[in-house]
Amino acid sequence: MPDLLDAGAIINTHGVRGDVKVDPWADSPDFLTQFRTLYIDGQPRRVVSARVHTRFVLIHFEGVDTVEDAMKLRGRTVYFDRADAKLPEGTYFLADIIGFDVFDLRKNAVIGRLAELLPLPAGDVYRVESAGGDILIPARPEFTRGIDPASRTVTVETIPGMGDGQ
């Protein structure tokens, strides 16, 4: 049984040959073009072609050859098998780090638990649940210093005023 992770949503059709337009939930739409098999409703679907178009991915699935076939997939979530994914060294799936402790170098202490990643227009933001309430930390290299899966810790370096009332 494959270990599936969600990859995006089919938001529309594209053209008249059955292509679907996918809104990818990855750092880059190029990520989705690496897969030869994707999953919809738990069923494997062979990818005939995939290409980036603006910020979307246009995918042609085997057996989906008309606009009418493609329309039936609209609104569905696309998944990939974790074993098929190639990640650059030092990168992780968000699903793997949710729940990790967040250690702040400035405070030299664990400040909370990573609850979610908020995709905001100005950039992604980590929402950290802490005893004093939520702390929002930009998910950028200036603040994220490391991720250690062995200790289940995300190390950050906040600035004064970031979640501590200073």
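The coordinates are above.
Residues numbered from 1 in each chain as written. Predicted model: local features only at pLDDT ≥ 70, side-chain atom pairs only at ≥ 80, totals over all residues. Heavy atoms only, no water.

Peer 1: Would you mind going over the packing of aromatic side chains with me for this structure?
Peer 2: Each aromatic ring pair is described using two quantities: the centre-to-centre distance and the angle formed by the ring planes. With the rule as written, the count across this model stands at 5 aromatic pairs. With centroids separated by 4.9 Å and ring planes inclined at 25 degrees, the aromatic side chains of F35 and F80 adopt a geometry described as stacked. On the criterion of sequence distance, the pair formed by F35 in the loop between β2 (19–24) and β3 (37–40) and F80 in strand β6 (residues 77–81) is long-range, its members being 45 residues apart. Accessibility expressed as a relative area gives 3% for F80, which makes it buried. What links up through ring pairs into an aromatic cluster is the set F31, F35, F80 and F93. (Phe/Tyr/Trp six-rings, centres within 6.5 Å; stacked < 30°, edge-to-face > 60°. Helix = DSSP H or I, 4+ residues; strand = E, 2+ residues; numbered from the N terminus. Buried < 20%, exposed > 50% of the residue type's maximum accessible area, 1.4 Å probe, protein only.)

Peer 1: Looking at this structure, I do not really get the environment of L118. What am I missing?
Peer 2: Secondary-structure assignment places L118 in strand β8 (residues 109–120). A C-alpha to C-alpha distance of 21 Å links L118 and R76, two positions 42 residues apart in sequence. Ignoring any residue separated from it by four or fewer positions in sequence, one finds L118 in contact with G123, D124, V125, R127 and L136. (Contact = heavy atoms within 4.5 Å.)

Peer 1: I tried to follow the nonpolar core on my own but got confused; where do I start?
Peer 2: As a rule of thumb, soluble globular proteins bury nonpolar side chains together. By size, the foremost hydrophobic cluster in this structure holds 21 residues, and its most contacted members are V20, V22, L38, I59, F61 and F80. Leaving out residues up to four positions away in the same chain, L38 has contacts with L32, Q43, P44, R45, V47, I59, F61, V78, Y79 and F80. (Core = buried A, V, L, I, M, F, W, Y, C linked by side-chain atoms within 4.5 Å.)

Peer 1: Explanation requested: the pattern of salt bridges in the structure shown.
Peer 2: Charged atoms that come close allow side chains of opposite charge to pair. This model, assessed by the stated rule, comprises 12 salt bridges. Of the charged contacts in the structure, one is a salt bridge between R127 and D134, with a shortest N-O distance of 3.1 Å. (Salt bridge = Lys/Arg side-chain N within 4 Å of Asp/Glu carboxyl O.)

Peer 1: It is not clear to me how the pairing of strand β5 (residues 56–61) should be interpreted in this structure. Could you clarify?
Peer 2: A regular strand places its side chains so that they alternate between the two faces of the sheet. The buried fraction of β5 amounts to 6 of the 6 residues, a majority that puts the element mostly inside the structure. Examined bridge by bridge, β2 and β5 share 3 bridges and lie antiparallel to one another. Within the sheet, the bridge partner assigned to V22 lies in β5 and is V57. As judged from the 6 bridges shared by strand β4 (residues 43–53) and β5, these two strands associate in the antiparallel manner. Across the sheet, the residue bridging to V52 is V57, located in β5. (Pairing = 2+ DSSP bridges.)

Peer 1: Looking at this model, I keep getting lost on the layout of surface pockets. Mind explaining?
Peer 2: Over the atoms, a rolling probe the size of a water molecule traces out where space has been left empty. By volume, the largest pocket is sized at about 1200 Å³. Along its surface, the largest pocket is lined by 33 residues, and W25, A26, D27, L94 and L117 are the ones closest to its centre. At 4 residues, strand β11 (residues 144–148) tops the list of elements feeding residues into the lining of the largest pocket. Considered class by class, the residues forming the lining of the largest pocket number 21 nonpolar, 5 polar and 7 charged. (1 Å grid on protein atoms, 1.4 Å probe; cavity = no way out; pocket = protein on both sides within 12 Å on 5 of 7 lines; lining within 4 Å. Points joined across faces, edges and corners; volume = space filled by probe spheres on them. Nonpolar A, V, L, I, M, F, W, Y, C, P; charged D, E, K, R; others polar.)

Peer 1: Looking at this structure, I do not really get the side chain of H60. What am I missing?
Peer 2: Inspection of the secondary structure assignment puts H60 in strand β5. Not counting the four nearest positions on each side in its chain, H60 is found in contact with R17, G18, D19, R46, V47, V48, S49 and D65.

Peer 1: Sorry, what's going on with the sheet that holds β2 here?
Peer 2: Hydrogen bonding along the main chain pairs the strands of a sheet, whether they run parallel or antiparallel. Within the closed barrel, the 6 strands sit side by side as β1-β2-β5-β4-β3-β6. Their pairing is antiparallel. Neighbour-to-neighbour, the strand axes of the sheet open up by a mean angle of 45 degrees, direction not taken into account. Note that strand β1 (residues 4–14) and β2 share 6 bridges and pair antiparallel. Residue pairing across strands places H14 opposite D19, the latter belonging to β2. (Axes fitted to C-alpha atoms, helices over the stretch in contact; angles between N-to-C directions.)

Peer 1: Hey, could you run me through the pairing of β6 in this one?
Peer 2: Examined bridge by bridge, β1 and β6 share 5 bridges and lie antiparallel to one another. When the bridges of β6 are listed, L5 appears paired with F80. Summarising the sheet, β3 and β6 pair through 2 bridges and their orientation is antiparallel. Across the sheet, residue Y39 finds its bridge partner in β6, namely Y79.

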